[in-house]
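# Fold and geometry: a report
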Amino acid sequence: MQHDKVLILDFGSQYTQLIARRVRELNIYSEIHPFNKIPTNLSEYKAVILSGSPNSVRGDKALHPELSELRTKKPMLAVCYGAQYLAHFSGGEVAPSNTREYGRANLSYIKNDDEFFIGINEGSQVWMSHSDTIKKLPTNGVLLASTSDVENAAYKIEGETTYAIQFHPEVYHSTDGKQLLENFLVKIAGLNQDWTPQSFVEETVEAIQEKVGNDKVVLGLSGGVDSTIAAVLLNKAIGDNLYCIFVNNGLLRKNEFESVLKQYEGMGLNVKGVDASERFLTALKGIEDPEKKRKAIGNAFIEVFDDEAHQITDVKWLAQGTIYPDVIESVSATGGPSATIKSHHNVGGLPDFMKLKIVEPLRAIFKDEVRRVGASLGVSPELLGRHPFPGPGLGIRILGDITAEKVRMLQEVDAIFIEGLKAWGLYDKVWQAGAMLLPVNSVGVMGDERTYEKCVALRAVESTDGMTADWVNLPYEFLQKTSNEIINKVKGVNRVVYDISSKPPATIEWE
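Fair warning: this is a prediction, and the values are worked out from it, not measured in the lab.

Conventions adopted
Residues numbered from 1 in each chain as written. Predicted model: local features only at pLDDT ≥ 70, side-chain atom pairs only at ≥ 80, totals over all residues. Heavy atoms only, no water. Helix = DSSP H or I, 4+ residues; strand = E, 2+ residues; numbered from the N terminus. Buried < 20%, exposed > 50% of the residue type's maximum accessible area, 1.4 Å probe, protein only. Contact = heavy atoms within 4.5 Å. Areas by Shrake-Rupley, 256 points an atom, 1.4 Å probe, with all protein chains shown as cover. Lys, Arg positive; Asp, Glu negative; His and termini not counted. Charge placed at Lys NZ, Arg CZ, Asp CG, Glu CD. Axes fitted to C-alpha atoms, helices over the stretch in contact; angles between N-to-C directions. Parallel < 35°, antiparallel > 145°, perpendicular 65-115°, else oblique. Left-handed = near helix turned anticlockwise from the far one by under 90°. Nonpolar A, V, L, I, M, F, W, Y, C, P; charged D, E, K, R; others polar. Phe/Tyr/Trp six-rings, centres within 6.5 Å; stacked < 30°, edge-to-face > 60°. Pairing = 2+ DSSP bridges. UniProt positions renumbered as here; feature names shortened; annotations may be inferred. Polar contact = N/O pair within 3.5 Å; in protein donor to acceptor, adjacent residues only side chain to side chain. Core = buried A, V, L, I, M, F, W, Y, C linked by side-chain atoms within 4.5 Å. Domains from an automatic or database assignment. Buried area = accessible area lost by both parts, 1.4 Å probe. Salt bridge = Lys/Arg side-chain N within 4 Å of Asp/Glu carboxyl O.

Secondary structure summary: the protein chain contains 13 helices and 18 strands in total. Referenced to the eigenvectors of the C-alpha coordinate spread, the extents of the protein chain come out at roughly 75 × 65 × 40 Å. Here the protein chain holds 511 residues, and 58% of them are scored as buried. Looking at the protein chain alone, contacts between residues at least 24 apart form 74% of all its contacts between residues at least 6 apart. For the protein chain, the accessible area works out to roughly 22200 Å², and carbon and sulfur atoms hold 47% of it. Taking the average location of the 54 positive side-chain charges in the protein chain and that of its 67 negative ones, the two points are 3 Å from each other.

Here we take up the environment of valine 212. Position of valine 212 relative to the elements: it lies in helix H4 (residues 197–212). Residue classification places valine 212 among the buried positions, given a relative accessible area of 2%. Taking the C-alpha atoms as reference, valine 212 lies 8.3 Å from isoleucine 238; in sequence the two are 26 residues apart. Residues in contact with valine 212, not counting those within four places in the same chain, are Val217, Ile238 and Trp317.

The N-to-C vectors of helix H5 (residues 225–238) and helix H10 (residues 367–376) enclose an angle of 45°; their axes lie 10 Å apart at closest approach. Comparing their axes, H10 and H5 come out oblique. The hand of the H5/H10 crossing is left-handed. Residues Val225, Asp226 and Ile229 of H5 pack against Lys367, Val370, Arg371, Val373 and Gly374 of H10. Looking at side-chain class alone, the contact of H5 with H10 contains four nonpolar, one polar and three charged residues.

Tallied over the full model, the rule gives 14 aromatic pairs. Both rings, one in tryptophan 195 and one in phenylalanine 200, keep their centres 6.2 Å apart while their planes meet at 80°; by these two values the pair is edge-to-face. Neither residue differs from the other here; tryptophan 195 and phenylalanine 200 are each classed as buried. Where phenylalanine 246 meets phenylalanine 257, the ring centres are 5.5 Å apart and the plane angle is 25°; that geometry is what we call stacked. Here phenylalanine 257 lies in helix H6 (residues 256–263) and phenylalanine 246 lies in strand E11 (residues 242–248), a separation of eleven residues in the sequence. One exposure class covers both phenylalanine 246 and phenylalanine 257, and it is buried.

This part is about the sheet that holds strand E12 (residues 271–275). The strands making up a sheet are joined through hydrogen bonds of the backbone, oriented either antiparallel or parallel. In space, the five strands of this open sheet follow the order E12-E11-E10-E13-E14, with parallel pairing throughout. Each end of this open sheet is capped by a strand with a single partner; those strands are E12 and strand E14 (357–359). Geometrically, the sheet is characterised by an average inter-axis angle of 30° between neighbouring strands, direction not taken into account. Taken together, the three bridges between strand E13 (residues 315–319) and E14 define a ladder with parallel strand orientation. Considered in E14, the bridge of alanine 319 is made with valine 359.

This brings us to the UniProt feature "active site" (unreviewed entry) in the protein chain. The UniProt entry lists Cys80, His168 and Glu170 under the feature "active site" (unreviewed entry), expressed in the numbering used here. These annotated residues cover 91 residues of sequence, but their C-alpha atoms sit close together, with the largest distance between any two at 11.3 Å. Residue classification places histidine 168 among the buried positions, given a relative accessible area of 2%. Those residues in contact with histidine 168, other than ones at most four positions away along the chain, are Tyr15, Gly52, Val79, Cys80, Trp127, Ser129 and Ser174. There is a polar contact of 2.8 Å between the side chain of histidine 168 and the side chain of glutamate 170. For glutamate 170, the location among the structural elements is in the loop between strand E9 (162–165) and helix H3 (177–188). Judged by its relative accessible area of 0%, glutamate 170 is buried.

What follows deals with the nonpolar core. Counting 49 residues, the largest nonpolar core has Val413, Leu421, Leu474 and Ile486 as the members making the most contacts within it. The leading source of residues in this core is helix H12 (residues 404–423), at eight residues. Not counting chain neighbours up to four residues away, the residues in contact with isoleucine 486 comprise Val413, Ile416, Val456, Leu458, Val493 and Val496. Counting 39 residues, the second largest nonpolar core, distinct from the first, contains Cys80, Phe117, Ala153 and Ile188.

With that settled, consider the domain arrangement of the protein chain. When cut into domains, the protein chain gives domain 1 (5–188), domain 2 (197–385) and domain 3 (404–498). Between domain 2 and domain 3, the contact holds 13 residues from the first and 14 residues from the second. Of the roughly 1100 Å² buried at the junction of domain 2 and domain 3 (both faces included), carbon and sulfur atoms supply 56%. Close ionic contact of glutamate 412 with lysine 254 constitutes a salt bridge, the shortest N to O distance being 3.1 Å.

Set out below in structure tokens:
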């Protein structure tokens, strides 16, 4: 890949992935690596960003990166923990804040003649998230910005191309964060902005051709954006050597198996539909733990693909629509110190008995990037605008054990909710929506009779890449109508609630 690259060293911050996204929005390629596993091919990187961290530089568990091959040799931007680290271990002082500095703040002082702050004015809103503060700048430190509570909000080190900030430019609440990153990467570090969806397509197609050659590839389609774009890329690269399989795992939305197969008609993809719903429901029988359910679903997928692959002569590769957030949430920020949130059924490799190698064209990009790549490939806006749907399907939206009757019940609820969003013109204003079947019964009254039936929770969030999400303030009138329709039409449900949790601290799915 002939592009300028940014190395992001991860110290465990939940915002690290947002840094990568913001950099890529500037059409500059970025990679995240653990602070203690710095790549050896450092000549490929033109700039370095140090992330934040939940740790304290003053504590026994302070994270110590080896920066001797980076500092002074490459432009460096240190964010939050990174800024404190450079100060604390380079002649400055870091101490506990009198009050925890968290949330919105405004820059009350900016050194206007420094190109780091070109286009950014005093009063600009930034986002703070730290309990320590920089009391004294490091040796040769020059103050660049302050807020009313944080004197040393930004600084640079004289004689180096090293800049440091106490706030987080990567989060949405830092209104000029993207401008600041552009100032550092383009104006100061001199990086080129040429990493585009078109260049990604060209390079990915070339990489697939080089990796796969004339081998045959089998791909599991889900009907969603990720697997579809992966299929279009693979088809562009290897054509008739791509064999797509769409599996009905019994956990799809209502009528989705038939509608998805119809959707692929005319796209030039070789797609085979396989109904394996009984196989999946049998594999899930009696399992309540969400991680065990995910693994059971993943194992069943592998078995189905193994069976289907044996029907294709000389197939050697299994393709998947894995994207970056799947990897991050499964393996803790590319092996770094961030906490593992949950495993994903399509991450983690294949068992030894399955003699297929894996190809994942989208593994390094985020959901919003996938959509931009799809648009550059000419994929229809309707398909690109489709809400994400979890790989395990309704299996992780039915809390507790799974039965065919529970699946039927949730399919009906989900259909009413999703079709209602479309009818009210709300679907495209929501990033992801769905319903959860809860493992509790509640008392209700229908007519003159007492009922003791299931409760369902509706969930609708807005997001960009799924790494963070806010709940959507749907109209009360819509929620009221939807609730009434669900309770009146879906046998076995007598209560509907709406989830108003954001991510973090919650996740988008309940399991």
